Amino acid sequence: MIMPQKQKIVLEGGMGEIVEKKSRFIASVFPVHDEEEALSIIEGMKKKYWDARHNCYAFVLGDNKEIQRYSDDGEPGGTAGKPMLDILLAENITDCLVIVTRYFGGTLLGTGGLVRAYQQAAREGIDNSKVAVKENGVILEIEMDYNTVGKVQYMTGNERERVYVISCDYTDKVIMKIVISQEEADSFSKKVIESTNGKAVLRKGEQRKFAVSQNQVVFL
């Protein structure tokens, strides 16, 4: 059974550049939250690169990718914006804007050459961005005594569990707060109860969307 690809978002945008037959293709990648923000960034980039021949773009918004927009900005139809959009969809990236600016080098690339160049530039920009998997998570609070802490810390430190500790308070008892994906919360809770012989008490808290970058949790 093939597992569905998890949705990704851009935490921090980046840039990339390629040269094809003396034409420069400069990719700029941005995280965006709504269409108005995306269009504002596009207008700003057109002013920045006012002397470029084309400023083509594609963006995807929404948990279900319900908003998808693109523009060839004067290039032959279907050779720039749509191929860039296809990259975002193939990578399952949402809430993201990619703009590729072209400085014409004097040699026509043909439709196939343009598609390849715009896609390659877009990939360069995405590769130079900070991209993370978006998770539907839940906060779990684990209450335990000092004799139990070691076992729970061992479990939360196991990379296979994909558990992220938010805080740990030490008073007469130890209260640890973690975030974990919703689909894994029940199985992890069961493991904690079994490994501590029921001495640890777990309570489910609020649901939060989050992403992880360089082992650091970013709440969305």
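Use the structure listed above.
In this text, all values refer to a predicted model and were calculated from it rather than measured experimentally. (Residues numbered from 1 in each chain as written. Predicted model: local features only at pLDDT ≥ 70, side-chain atom pairs only at ≥ 80, totals over all residues. Heavy atoms only, no water.)

*Asks:* So what about helix α5 (residues 182-195)? Which residues, and what values?
*Replies:* An α-helix turns once per 3.6 residues; consequently, residues spaced three or four apart project the same way. The end-to-end C-alpha distance of α5, which contains 14 residues, comes to 21 Å, matching closely the 20 Å that a straight helix rising 1.5 Å per residue would cover. Restricting attention to buried positions, one finds in α5 the residues A185, F188, S189 and V192. Buried residues in α5, looked at end-on, bunch into an arc of 110°, giving them a common side. Across from the buried face of α5, at angles greater than 90 degrees, the exposed residues are E183, D186, K190 and E194. Check the buried side of α5 and you find it contacts β8 (130-144), α4 (149-156), β10 (174-181) and β11 (201-213). (Helix = DSSP H or I, 4+ residues; strand = E, 2+ residues; numbered from the N terminus. Expected span 1.5 Å × (residues − 1). Buried < 20%, exposed > 50% of the residue type's maximum accessible area, 1.4 Å probe, protein only. Arc of directions from axis to C-beta. Contact = heavy atoms within 4.5 Å.)

*Asks:* Summarise the pairing of strand β7 (residues 96-103); cite the residues concerned and give the values.
*Replies:* For a regular strand, the rule is simple: side chains alternate between the two faces of the sheet. Counting buried residues along β7, 8 of its 8 residues qualify, which places the element largely inside the surrounding structure. Where burial is concerned, the two faces of β7 agree: the one with C96, V98, V100 and R102 and the one with L97, I99, T101 and Y103 are both buried. Of the strand pairs in this sheet, strand β3 (residues 23-31) and β7 are connected by 8 bridges, and their pairing is antiparallel. Within β7, the position partnered with R24 by the bridge is Y103. When strand β4 (residues 54-61) meets β7, the two strands line up antiparallel, connected through 7 bridges. Across the sheet, the residue bridging to F59 is L97, located in β7. (Pairing = 2+ DSSP bridges.)

*Asks:* If you had to explain the side chain of T94 to someone new, which residues and values would you point to?
*Replies:* Considering the arrangement of structural elements, one finds T94 in strand β6 (residues 93-94). In this structure T94 comes out as buried when scored by relative accessible area, which is 0%. In this view, T94 contacts Q7, K8, I9, V60, L61, G62 and K65; residues no more than four positions away in its chain are not counted.

*Asks:* So what's going on with the nonpolar core? Which residues, and what values?
*Replies:* F25, M84, L88, C96, V98, V100 and Y118 are the most contacted members of the largest nonpolar core, which totals 24 residues. Only β3, β4, α2 (81-90), β7 and α3 (110-127) provide two or more residues apiece to this core. The dominant element in this core, judged by the number of residues it contributes, is α3, at 6 residues. In this structure L88 touches A58, F59, V60, I93, C96, V98 and I126, once residues within four positions along its chain are discounted. Core analysis: the second largest hydrophobic core is formed by 16 residues, L140, M144, F188 and V192 among them. (Core = buried A, V, L, I, M, F, W, Y, C linked by side-chain atoms within 4.5 Å.)

So yeah, pure geometry; function would need other evidence.
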